[in-house]
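# Examination of the molecular architecture
Given next are the chains, with one letter for each unit.
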Amino acid sequence: MAVPPVDRDRPSRPRAEVSLLGRFALRLPHGHTYLAPTTQKVLVLLAIHAQGLARGSAAALLWPHLPDRRSAASLRSALWRLSRAGGSCQMVVCDNEHLRLGQNVQVDLHAAYRMVHDLAAGRPTAQSPTVPAPLRQDLLPDWSESWLLVVREHFRQTRLHALEACSRRLRASGQMGAAMEFAMAALEADPLRESAHRCVCEIHLAEGNIADALRFYDTYRRQLRSELGLAPTSDYRNLLAPFLRRPLDCARGSGPGA
């Protein structure tokens, strides 16, 4: 998903803020505004397509089971309600049957992507970096629209990779506390993600906390077997092999010594 550039020279206008991370919310200059579910979906669809969409494409995505004429009418109705809700704040711009959000509409997902790109490029914003709050949340996790699923997973994977990469850089620079915070943020987002588990385990080892590393690994090994019937990869097992006084784990092992 392309994130639109920030135009710092455009004149100041009434701004709208759209929240897509966690729960949906719309804040206008006069405060938070309720939108009917159908109108919310129009706004969200345009928010995740930063470059906009053709009217026909938007209508087909939002109302895939309706005939073209009825879906087009439903879209016109939703756009009218959105315009009424926005008041002096232009929420949607239509150019030759192409719809896009107004330039004065700010979307937290776009800002989160910029944070992710900064982290991936090694540009933390503070001397003792902390995990930005937007990177702890999924994109509208309670929504089930099919057109949202790929975008949600794209954001999730992008932020998890950035969190892990930042954790590794912080560990290499000796900032163990900050490294652990980023690694744990990735792990909280996906408790069975092995690369996040390894980030945590590598921090324990770098600090000399061998017992913590072994306990953490063993908890993951048991959870993975219980929920998926799998064993950790050989790379993860080999990370701890020098500290184990027993054979390496195998997929069929069991019990405390497995």
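Residues numbered from 1 in each chain as written. Predicted model: local features only at pLDDT ≥ 70, side-chain atom pairs only at ≥ 80, totals over all residues. Heavy atoms only, no water.

## Re the pairing of strand S2 (residues 25-28)
- Burial of S2 is one-sided: the residues Leu26 and Leu28 facing one way are buried, the residues Ala25 and Arg27 facing the other way are not.
- With antiparallel pairing between neighbouring strands as the criterion, strand S1 (residues 16-19) and S2 make up a hairpin whose turn holds five residues, including glycine 22 at a positive phi of roughly 85°.
- Relative to strand S3 (residues 31-32), S2 runs antiparallel, the two sharing two bridges. Its bridge partner lying in S3, leucine 28 is registered against glycine 31.
- Here S2 folds back onto S3, and the loop between the two strands holds two residues. (Buried < 20%, exposed > 50% of the residue type's maximum accessible area, 1.4 Å probe, protein only. Helix = DSSP H or I, 4+ residues; strand = E, 2+ residues; numbered from the N terminus. Pairing = 2+ DSSP bridges.)

## A few points about the confidence of the model for the protein
- Per-residue confidence for the protein averages 88 on the pLDDT scale, and 87% of its residues sit at or above 70.
- Of all secondary-structure elements in the protein, the lowest mean pLDDT belongs to S3, at 78, while helix H7 (residues 194-206) reaches the highest, 97.
- Low confidence marks residues 5-11, where pLDDT is under 50. Its contacts with residues over four positions away, or in another chain, come to three contacts.
- Segment residues 254-258 is flagged for pLDDT under 50; beyond a separation of four residues in sequence, or across chains, it makes 10 contacts in the model. (pLDDT = per-residue confidence, 0-100. Contact = heavy atoms within 4.5 Å.)

## Regarding the packing of helix H5 (residues 146-172) against H7
- The N-to-C vectors of H5 and H7 enclose an angle of 10°; their axes lie 10 Å apart at closest approach. As judged from the angle between their axes, H5 and H7 are roughly parallel. Within the contact between the two elements, H5 uses Glu164, Ser167, Arg168 and Arg171 and H7 uses Ser195, Ala196, Cys199, Glu202, Ile203 and Ala206.
- Here the residues of the contact of H5 with H7 sort into four nonpolar, two polar and four charged. (Axes fitted to C-alpha atoms, helices over the stretch in contact; angles between N-to-C directions. Parallel < 35°, antiparallel > 145°, perpendicular 65-115°, else oblique. Nonpolar A, V, L, I, M, F, W, Y, C, P; charged D, E, K, R; others polar.)

## Let's talk about the pairing of S1
- The alternating pattern of S1 places Ala16 and Val18 on a buried face, while none of Glu17 and Ser19, on the opposite face, is buried.
- As paired elements, S1 and strand S7 (residues 105-107) share three bridges and run parallel to each other. By the bridge assignment for S7, alanine 16 is matched with valine 105.
- Pairing analysis gives three bridges linking S1 to S2, with the strands arranged antiparallel. Across the sheet, the residue bridging to valine 18 is leucine 26, located in S2.

## Thoughts on helix H1 (residues 37-48)
- A rise of 1.5 Å per residue sets the reference length of H1, with its 12 residues, at 16 Å; its end C-alpha atoms lie 16 Å apart and thus fit the reference within 8%.
- Summarising burial for H1: nine of the 12 residues are buried, a large majority.
- All of the buried residues along H1 are Thr39, Gln40, Val42, Leu43, Val44, Leu45, Leu46, Ala47 and Ile48. (Expected span 1.5 Å × (residues − 1).)

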